[in-house]
Every structure is written in structure tokens, then in C-alpha cells.
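# Descriptive analysis of the structure
The chain contents come next:
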Amino acid sequence: MREYYTITELTREFGISTRTLRFYEDEGLIHPVRRGRTRLFRPADRLLVKQILRGKRLGFSIAEIREIIEMYKAPPGEVGQLRAIMTKIAEKREELRQKRKDIEDTLAELEQAEEACLGRLAELRVTS
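Residues numbered from 1 in each chain as written. Predicted model: local features only at pLDDT ≥ 70, side-chain atom pairs only at ≥ 80, totals over all residues. Heavy atoms only, no water.

### Details of the UniProt feature "coiled-coil region" (unreviewed entry) in the chain
As annotated in UniProt, the feature "coiled-coil region" (unreviewed entry) corresponds to residues 79-116 in the numbering used here. Annotation note: span residues 79-116, helix share 100%, strand share 0%, distance between end C-alpha atoms 56 Å. (UniProt positions renumbered as here; feature names shortened; annotations may be inferred. Helix = DSSP H or I, 4+ residues; strand = E, 2+ residues; numbered from the N terminus.)

### Quick notes on the packing of aromatic side chains
Within this structure, the stated rule accounts for 1 aromatic pair. When the ring of Phe23 is compared with that of Tyr24, the centres are 6.0 Å apart and the planes differ by 55°; the resulting orientation is tilted. Using a relative accessible area of 37% as the deciding quantity, one classes Phe23 as partly exposed. You can call Tyr24 buried: its relative accessible area is 5%. (Phe/Tyr/Trp six-rings, centres within 6.5 Å; stacked < 30°, edge-to-face > 60°. Buried < 20%, exposed > 50% of the residue type's maximum accessible area, 1.4 Å probe, protein only.)

### Examining the pairing of strand E3 (residues 38-41)
Judged from the 2 bridges that link them, strand E1 (residues 5-6) and E3 form a sheet pairing that is antiparallel. The residue bridging Thr6 from the neighbouring strand is Leu40, located in E3. Of the pairings in the sheet, the one linking strand E2 (residues 33-35) to E3 comprises 3 bridges and is antiparallel in character. Along E3, the bridge assignment pairs Arg34 with Arg39. Connecting E2 to the antiparallel partner E3 that follows it, the hairpin turn spans 2 residues, and Gly36 within it adopts a positive phi of roughly 70°. (Pairing = 2+ DSSP bridges.)

### Some remarks on the packing of helix H1 (residues 7-14) against helix H3 (residues 43-57)
The interhelical angle for the contact between H1 and H3, taken along N-to-C directions, is 35°, at an axis separation of 11 Å. Between H1 and H3 lies a crossing whose hand is right-handed. Facing Leu10, Glu13 and Phe14 of H1, the residues of H3 in contact are Arg46, Val49, Lys50 and Leu53. A breakdown of the residues in the contact of H1 with H3 according to their chemical character gives 4 nonpolar, no polar and 3 charged. (Axes fitted to C-alpha atoms, helices over the stretch in contact; angles between N-to-C directions. Left-handed = near helix turned anticlockwise from the far one by under 90°. Contact = heavy atoms within 4.5 Å. Nonpolar A, V, L, I, M, F, W, Y, C, P; charged D, E, K, R; others polar.)

If you want it as C-alpha cells, here you go:
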């Protein structure tokens, strides 16, 4: 295992900008070692970046991600962290189900509106 990764290596690996990594650092999510002006990231930082990006893909906010990460470091530790993640996953799943229902309802309304327009055009004897 490598001792350090450069900012360039991590940005290329994860397809993110240096600004994103600096933001995660400013937010206290990662803590690279500094050698002069150079940031060196430990394997633990690399793993955290991977987990942060996964959390973002799942729809978690930075605050939620920070809460989950900090849970791992202190009691209740990993068990508490896993339970919190499961709770947040259930919440996100329900949010997405609601959004899907809202989208389906909107699509149905659009279809009704379109049918009404087509019906009225037919009454007016207008062809598309």
C-alpha cells in the first residue's frame, strides 16, 4: 500500500476537481499532510474521499456525510455508524419513492392535458 497520494492522483482517480478536494479539507472531512504548499493524502484520506463521493451519489448532504464519518471515530462507533446509515438509506429511499410518484403523477397530468388539446384541435377540425 502506498504511503501518500498527490492531489493530482486523487482528482484523476475520482474524476473530481482540486477545488472539490480542498472543499472537503475545508469542511474537515479529510486531513492531508502538508509539505510546504503540497498536500499529501494518506490511504485513509483516499478511502474517505471514496466514501464521501458515494454518499453524495446516494443523495446525502455534506453535513450528513460528516455526521456519519464522525460517528465512526467515537462511540457508538461502527455499529452506530452502520445503524445511522441504514436509517438514512431508508429515508432517502422513501424520498425517492415520493419523487417517483410525483413524476408519475405529473406525467399523467401532462398526458391528460395533451389529450385535451388534441381533442379540442379535432373539434376545431385542425390537423396537427
